[in-house]
Amino acid sequence: VFHILSSANVTLSNMTIRNGYMSSGAGILDEGNLTLNNVVVTGNAANNLSNSTIGHGGGIMVNRGTLILNNSKVQNNTATGSGGGIINFSGTVTINNSVISGNTATVSGGGLATNQGTIEVIEFHQNSDLEVETDKVFRFLRKIIDLETR
């Protein structure tokens, strides 16, 4: 639906981004600096559009960019690869008072997956579909979420 270029600084507010269908970053492909304020990202699907690729980042793909989620929801997105809700490739994701829920991925990270990226959590609401990919940050984050959901 949206492609944020590497040179862009973009803020999206008070909207719903839905029904995107791409091989990666179906709702948003973020290669720049993106802030989402009161945004819902829902019903997007990253699928293999050809036989050579699988889909990553059903809701949002951060590809060496920066994403800040403020009071937003990433929910009910899918990916045939990793990161049904969000996938982070060497970028920075900040989650502030936001919800990531109901997302699915065939490979890993239904809610959120990362590959050499940074995740900062300021306030995070219950999410049962977060999966650890490889970063130590996620092992720590998983412990926090497990404690919050008990």
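Look a little higher up for the structure.
In this text the structure is predicted, and so the values were computed from the model without any measurement.

J.: Residues and numbers for unusual backbone geometry, please.
T.: Backbone geometry at asparagine 71 places phi at a positive 50°, although glycine is not the residue there. Of note, asparagine 71 is situated in the loop between strand S8 (66-70) and strand S9 (73-75). Its relative accessible area of 39% is what places asparagine 71 among the partly exposed residues. In this structure, serine 90 is a non-glycine residue whose phi angle is positive, near 55°.

J.: Outline the pairing of strand S11 (residues 86-89), listing residues and values.
T.: Along a regular strand, successive side chains alternate from one face of the sheet to the other. Where strand S7 (residues 60-63) meets S11, 4 bridges bridge the pair, whose relative direction is parallel. Directly across from valine 62, in S11, lies its bridge partner asparagine 88.

J.: So what about the environment of glutamine 116? Which residues, and what values?
T.: Within the fold, glutamine 116 resides in the loop between strand S14 (112-115) and strand S15 (118-124). Given a relative accessible area of 64%, glutamine 116 falls into the exposed group. Along the backbone, glutamine 116 and threonine 92 are 24 residues apart, and their C-alpha atoms lie at a distance of 9.5 Å.

What counts, and where the lines are drawn
Residues numbered from 1 in each chain as written. Predicted model: local features only at pLDDT ≥ 70, side-chain atom pairs only at ≥ 80, totals over all residues. Heavy atoms only, no water. Helix = DSSP H or I, 4+ residues; strand = E, 2+ residues; numbered from the N terminus. Buried < 20%, exposed > 50% of the residue type's maximum accessible area, 1.4 Å probe, protein only. Pairing = 2+ DSSP bridges.

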